[in-house]
Protein chains: 2
Amino acid sequence: MKRTTVAQIFADQAAFGGQTVTVCGWARTIRDMKTFGFLELNDGSCFRNLQVVFADNEVENFKEIAKCNVGTSFVVTGTVVLTPEAKQPLELKAQTITVEGPSTPDYPLQKKRHSVEYLRTIQHLRPRTNLFSAVFRVRSVAAHAIHCFFQDRGFVYVHTPLITASDCEGAGEMFQVTTLDLANPPKNEDGSVDYSQDFFGKRANLTVSGQLNAENFAMAFGNVYTFGPTFRAENSNTQRHAAEFWMIEPEMAFADLNDYMDTAEDMIKYIIRTVMEKCPDEMNFFSSFVDKGLKERLEHVASSDFVRVTYTDAVEILKKNNDKFDYKVEWGCDLQTEHERYLTEVVFQKPVFVTDYPKDIKAFYMRLNDDGKTVAAADCLVPGIGELIGGSQREERLELLENRIRELGMNPEDYWWYLDLRRYGSCKHAGYGLGFERMVMYLTGVNNIRDVELHPRTVGNAEF
Amino acid sequence: MKRTTVAQIFADQAAFGGQTVTVCGWARTIRDMKTFGFLELNDGSCFRNLQVVFADNEVENFKEIAKCNVGTSFVVTGTVVLTPEAKQPLELKAQTITVEGPSTPDYPLQKKRHSVEYLRTIQHLRPRTNLFSAVFRVRSVAAHAIHCFFQDRGFVYVHTPLITASDCEGAGEMFQVTTLDLANPPKNEDGSVDYSQDFFGKRANLTVSGQLNAENFAMAFGNVYTFGPTFRAENSNTQRHAAEFWMIEPEMAFADLNDYMDTAEDMIKYIIRTVMEKCPDEMNFFSSFVDKGLKERLEHVASSDFVRVTYTDAVEILKKNNDKFDYKVEWGCDLQTEHERYLTEVVFQKPVFVTDYPKDIKAFYMRLNDDGKTVAAADCLVPGIGELIGGSQREERLELLENRIRELGMNPEDYWWYLDLRRYGSCKHAGYGLGFERMVMYLTGVNNIRDVELHPRTVGNAEF
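No experiment lies behind these values; they were computed from the predicted model shown.

**So, the side chain of A:R394**
Residues and elements named next belong to chain A.
Logical step 1: In this structure, R394 sits in strand β15 (residues 386–394).
Logical step 2: By relative accessible area, R394 is classed as buried at 2%.
Logical step 3: Of the polar contacts made by the side chain of R394, one reaches the side chain of E251; its length is 2.8 Å.
Logical step 4: When near neighbours in sequence (up to four residues on either side) are disregarded, R394 contacts Q211, E215, E251, Y365, R367, R422, H429, A430, G431 and Y432.

Following this line, the structure appears as structure tokens:
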């Protein structure tokens, strides 16, 4: 059996007109009009359904087909008929229809609107709905766009490890990975757990970032990027946090803060343009039914020059509007989502990089500016969402980095290999992190991270 | 500063000849010839070094540069001079050279051969060697080739979850993921650990395969693939096993065993051809210094029709040669690496799919053949390595699948969502798994998985 996909037929309608093809898919609706019937078939190759027309006098098992339940899978052989006057540009006139797998009257996805909350309880079936079909296709297309963007520019894709034995960044929010028996773990004489008997011979966790490892490879390949899962054991039940999510972390040698911002801006525009071009039906769907005006907003972002403003200047602007905020702004404070959105949505009305934050609210590895109080960091804020990307130039000067590590009460010996990069051919370098789910939410208008992950993992929830 | 990469110069030599450019990179060697010097500069953009010539009467800090240690990073501005008669096709005649970051006399990568064992102790620096530069670039190119292969064919990339609460496949070899305090875990009245207080409200592990989840999405999108990390807590210290590795798991609806084999064969050939084309210098290096004859072997594979032989016929062939094997073959036994390599290297001398294995040595989800004793599984064996891919047609018949689950002492209720796929529009489908590190070993000739992973995780080892 040579199978033709619905995507192929729609992509090349003129060539398929009049041709006999075999398509396989699942019935979204079946209508029995006595002497003929309609079958809306979706095969997952594209957002659109194929309308199959089957006539009593042509399809010998007409009655069997007309009685089938929604969700049934079919193999249909028929002729593609172009219908330029009709709502859909073509339909399939069936010659034979075979039931591949029946469905039942209690199929959970009957033809009606279901709440996203209900659909989260049937995550194995929800990709068969319009919404999730569109979300997960956009997710796939965006992921590939990211790979193409970096590969075309000579970046090397690096798979940084997920299991880590270094407690570098806040072990409190990390998941522990173990093969010890929790009911009866081996103990040292002092009563503490004897991790020398654990799988890795020491305590191990799931990583929260591949950045430090990625820097190892940037110092050899120049430009690298990670694209893999990361984990946070944060006990926060919000629409924007999941325990498991994917991150993109590019790292560039011989690059400064401006190089990071240039690359990140190009990347965002590239992702938007690629998804717009490859998923027009999906984007129309989102813009009509999920988030009105989404397409216009994204098109605006893709064609805007992003603003760059220092934290200090941004704070001056925000302070003048402190009456509008729950949290009042002053120099030294971390910006809240309300401030970020005000900057990008009201003040500048396009994406904004806020640069040069106070060192005390940023990570130890960010490069100290000459003023001694700010670091070469930049967050990218976008309308409708706030922070999309965080990044910085990295501290490449050994002494300053060691000082900063000590200042924060950490032990430089724990960072011996990270410091080695500053001992042997150190160089100016910069990088950033993009949370992939946040990007997918931005592209689709979907406002809950649980609805852009295939099987989301959150507090109290690891079903499927 | 506009930075030009060494890759760009070598890719477009004629255009760059006579041009002034600025390149940034690390010194592999520095030679002081009194009135002039040679600097072999590698910037990671390609395998090759750029030879920089600097003359005492042209570069004002000649003495400083000539004294620099190997590993120093430089910014060099100079003129590209084409040298068609020389060993290397071009060199850079320096006008200015700036030390970006110095190195030291004890830089661990002096110009000499280092053992791979030693280099594993400096994993943060080893990508600066020829071997690991080549390995990790091929790894990146192969990863992207896999994405392109599937995306071009309309497969949807799905990110199946890594944290799982289902014990489906041999929890004994899984890592446990927890936020409980191992020194003092909460207990139930009967003394067992109270997992209701753990992060996910139940016991959770790291996945060993995304296949079952991928099937959920194949039943909506038709064709999908995963490409992500998987984990095995196997306490085995071999050259081919790591605790963390990446897998590709495509899953295809309305597809049978032959469709899987066709796709897998096309995929392997595509990966080989892409890497050969995009990494010629790296492949020449491997073929000369790592595994003599590698390129010829890969070219042979890329241009061969893979053999397909049933397990039953393969056993007949092997039994006739039982005197050659440590483990004697008879129908029903699992094939060992010695048997697999004998089939692919001696008997057929090309890649072989062995099909239709006894059901008792294969997984519960594989489709039962009409003979009642074999399943529609196929392993792909390749010369030099043995098994590269395992896959099967999946059991799409509800009753047979439920029976098999019970037969193996498992509980169908634990598989409610997996069984739902057989209740609602079930269809013939097939899929396979490719261990990505094994593929990289196959492409490079490197024979230890620790040398194709960036920072390998194995028993007793989670450094970096």
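**Here we look at the confidence of the model for chain A**
Logical step 1: Confidence along chain A averages 96 in pLDDT terms, with 99% of residues attaining 70 or more.
Logical step 2: For this predicted complex, the interface score ipTM comes out at 0.97, while the overall pTM is 0.97.

**Brief notes about the sheet that holds strand β5 (residues 90–101) of chain B**
Residue and element names in this part refer to chain B.
Logical step 1: A barrel is described by the order of its strands in space; here five strands give the closed sequence β1-β2-β3-β5-β4, paired in mixed fashion. Each strand axis lies, on average, 55° off the axis of its neighbour in the sheet, ignoring direction.
Logical step 2: Sheet topology places strand β1 (residues 20–32) next to strand β2 (residues 36–42); six bridges connect them, and they run antiparallel. Each bridged residue has a counterpart across the sheet, and for R31 the counterpart in β2 is F38.

**Regarding the sheet that holds strand β6 (residues 156–157) of chain B**
Neighbouring strands of a sheet are bound in pairs by backbone hydrogen bonds; such pairs are parallel or else antiparallel.
All names here are of chain B.
Logical step 1: Here eight strands make up an open sheet; going across it, the order is β6-β10-β11-β16-β15-β14-β13-β12 and the pairing mixed. Of all strands in the sheet, those bounded by a partner on one side alone are β6 and β12 (307–310).
Logical step 2: Where strand β10 (residues 223–231) lies against strand β11 (residues 244–253), nine bridges are found, and the strand directions are antiparallel. Along β11, the bridge assignment pairs T230 with F245.
Logical step 3: Helix α10 (residues 311–319) rests against β12 and β13 (352–358) of the sheet, and its axis sits at about 85° to β12.

**Here we look at the interface of chain B and chain A**
Logical step 1: Taken together, the contacts link 109 residues of chain B with 110 residues of chain A.
Logical step 2: Between chain B and chain A, the buried area comes to about 8,800 Å², and carbon and sulfur atoms account for 64% of it.
Logical step 3: By the criterion of area lost to chain A, the three top residues of chain B are B:L182, B:F254 and B:Y424, representing 10% of everything that side buries.
Logical step 4: For the pair chain B and chain A, the number of links is two salt bridges.
Logical step 5: Note that A:K202 and B:E463 form a salt bridge whose closest N and O atoms lie 2.8 Å from each other.
Logical step 6: Put simply, chain B and chain A have 44 residue pairs in polar contact (both at pLDDT 80 or more) between them.
Logical step 7: The element contributing the most residues to the side of chain B that touches chain A is helix α5 (residues 130–152) of chain B, with eleven residues.
Logical step 8: Across three bridges, the pairing between strand β8 (residues 176–178) of chain A and strand β8 (residues 176–178) of chain B is antiparallel. Paired with A:T178 across the bridge in β8(B) is B:Q176.

**What to know about the pairing of β2(B)**
Residues and elements named next belong to chain B.
Logical step 1: Counted residue by residue, β2 has six buried out of seven residues, so it is predominantly covered.
Logical step 2: The hairpin formed by β1 and β2 contains three residues between the paired strands, and K34 there has a positive phi angle of roughly 75°.
Logical step 3: Of the strand pairs in this sheet, β2 and strand β3 (residues 50–55) are connected by six bridges, and their pairing is antiparallel. Each bridged residue has a counterpart across the sheet, and for F38 the counterpart in β3 is V53.

Cut-off values and rules
- Residues numbered from 1 in each chain as written.
- Chains lettered and ligands numbered in written order.
- Predicted model: local features only at pLDDT ≥ 70, side-chain atom pairs only at ≥ 80, totals over all residues.
- Heavy atoms only, no water.
- Helix = DSSP H or I, 4+ residues; strand = E, 2+ residues; numbered from the N terminus.
- Buried < 20%, exposed > 50% of the residue type's maximum accessible area, 1.4 Å probe, protein only.
- Polar contact = N/O pair within 3.5 Å; in protein donor to acceptor, adjacent residues only side chain to side chain.
- Contact = heavy atoms within 4.5 Å.
- pLDDT = per-residue confidence, 0-100.
- Pairing = 2+ DSSP bridges.
- Axes fitted to C-alpha atoms, helices over the stretch in contact; angles between N-to-C directions.
- Buried area = accessible area lost by both parts, 1.4 Å probe.
- Salt bridge = Lys/Arg side-chain N within 4 Å of Asp/Glu carboxyl O.

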